[in-house]
Amino acid sequence: MRPTDNTVAVVGTGYVGLTTGACLAQLGSTVTCVDIDVDKIERLRLGHLPIVEAGLAEIVRDMSAAGRLHFSTDPTESVSGADVVFLCVPTPQDDDGSADLSYVEAAAASIGPALKTGAVVVNKSTVPVGSFHVVSDALDRTDVDVVSNPEFLREGTAVHDFLNPDRVVIGAESDAAAAAVRALYESLDTEFILTDPASAETIKYAANGFLAMKVSFVNSVAAMCEQVGADISSVVAGIGSDHRIGSEFLKPGPGWGGSCFPKDSRALVAIAADHGYDFSLMRGVIDINEQQYERMVHKIISALGLFEHDRLSGRVVGALGLTFKAGTDDLRESPSLRILDELRRHGAAVQAYDPTTTGELNAVQRDRLAGYEVRGTAIDAATGADAVVVLTEWPEFEELDLGKIADVMRGDTLVDCRNLLDPGEVRAAGLDYDGVGRR
Ligand code: UGA
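Here we summarise the structure given alongside this text. (Residues numbered from 1 in each chain as written. Predicted model: local features only at pLDDT ≥ 70, side-chain atom pairs only at ≥ 80, totals over all residues. Heavy atoms only, no water.)

Points about the site of the ligand
In step 1: Inspection of the region around the ligand gives 19 residues, with E151, E155, K204, N208 and K251 positioned closest.
In step 2: Taking L250, its main chain carries an N or O atom lying 3.3 Å from an oxygen atom of the ligand.
In step 3: Here K325 contributes a side-chain N or O atom positioned 2.9 Å from an oxygen atom of the ligand.
In step 4: Within the complex, 93% of the 720 Å² of free accessible area of the ligand lies under protein.
In step 5: Secondary-structure elements contributing two or more residues to the shell around the ligand are α9 (197-228) and α11 (261-274).
In step 6: Residues that form the shell around the ligand fall into these classes: nine nonpolar, two polar and eight charged.
In step 7: Three or more residues apiece are contributed to the shell around the ligand by two domains, here domain 1 (7-194) and domain 2 (196-439). (Near = heavy atom within 4 Å. Polar contact = N/O pair within 3.5 Å; in protein donor to acceptor, adjacent residues only side chain to side chain. Areas by Shrake-Rupley, 256 points an atom, 1.4 Å probe, with all protein chains shown as cover. Helix = DSSP H or I, 4+ residues; strand = E, 2+ residues; numbered from the N terminus. Nonpolar A, V, L, I, M, F, W, Y, C, P; charged D, E, K, R; others polar. Domains from an automatic or database assignment.)

Thoughts on the packing of aromatic side chains
Working definition: an aromatic ring pair is given by the centre-to-centre distance plus the angle between the planes.
In step 1: All told, the structure shown has five aromatic pairs when counted by the stated rule.
In step 2: Here F249 and F261 contribute two aromatic rings whose centre-to-centre distance is 6.1 Å and whose plane-to-plane angle is 45°, an arrangement assigned as tilted. Of this pair, F249 sits in the loop between α10 (232-240) and α11 while F261 is found in helix α11, placing the two residues 12 residues apart along the sequence.
In step 3: Residue class for F249 comes out partly exposed when judged on its relative accessible area of 30%.
In step 4: For F261, a relative accessible area of 13% gives the class buried.
In step 5: Ring centres 6.1 Å apart and planes at 75° place the aromatic pair W256 and F261 in the edge-to-face group.
In step 6: A network of ring pairs unites the aromatic residues F249, W256 and F261 as a single cluster.
In step 7: One Lys or Arg, R167, reaches over the ring of F152 and ends 3.5 Å from the middle of that ring.
In step 8: Sitting over the ring of Y372, R344 keeps its end group 4.4 Å from the ring centre. (Phe/Tyr/Trp six-rings, centres within 6.5 Å; stacked < 30°, edge-to-face > 60°. Buried < 20%, exposed > 50% of the residue type's maximum accessible area, 1.4 Å probe, protein only. Lys NZ or Arg CZ within 6 Å of the ring centre and 35° of its normal.)

Take a look at the structure:
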């Protein structure tokens, strides 16, 4: 993409900030990514990325070399020349499900005095509806506009999603501010939804809530299939082909997780409640997801030949997949870990394999996986196991040598929480098979 004369600063270089900064540079802007983490910025300057994200390292390398992407620990210097400043800092969750805005407020307060007149501050962090006022207040500037421009990036395909969006949502109170943000994305062939800030903030929560609802719905239908003797794959093919329903986000699994759906669905309920509306549908979506984790735990316990309240002491579970989905190293709110934690609480020993935990574990992995026996291959995880459980849909699990798995196991059951394997092939290898909603 040809360089433009747009100058951008991105405050916060996590998943969203780094992807946004690198991709905006790719689209032509000159971008400075700022973070208070000195070590992270030093490493980024050397081309070392703190996250696993397909295609991101190449863009960071190329844009840095082209002089369009810079890294800094100095927010004042970085934002002072910027036309547009993106806030991409975390919004963790308080105990009541509401979003903690302290990072957003602190970031806005720290850059406020340094902004040039007419600058536009864009909130990309997912914040409760109305938070653009919080950002405005913290900036304490009457000559600067605040715009909401939510992100819809999926971990693992964030670069692709950024460069090929279904839409770009811009919520602004002034046309000039909306135009300044739109200009950064102008080279994309996409639909622009121009609206007010409160609507833009609502779109983000409603989109994630709807997607979570689809997955909870299909998981409920899968539970029903098991009771009535129907097959979820056929049911999904049958309903997904109706274009009003659509076939995406209808894969049954162990429940949804990750850093966004759990946080945003709880926030949606909390925001609605704050404004006097009981969003009971969304509460149900969350409850069903919690039940799905439990259903998987019960499946595995019964695959071990035991009952719900039996202790699992002495039983060994070989777990395949730890991340919340394939294509990421993110363990946050991973359904795999929720399920395995519960099995361990019942007394089971878990030996786990995940393609992202084969080398030396990083600090986050060490912390979250403390007490887990992490093995180097799927076969190692299966060795001596009474049951093998597929928890994350990593493509390499579709290529498992099932005969070998059966040989090294102590037991003879495989539970496929992602419906990844062909039940016939698993049975042909001499193993019992149980999936989700499959006959
Ligand atoms: C999600 C949204 O898809 C993005 O659009 C959004 O920008 C992002 O949250 C965010 O708010 O930042 P992500 O958390 O990366 O992206 O994960 P998804 O790919 O949406 O998957 C969420 C969960 O649903 C995973 O646990 C996944 O395994 C599960 N899932 C998804 C299913 O069980 N079945 C499906 O058919 C689809």
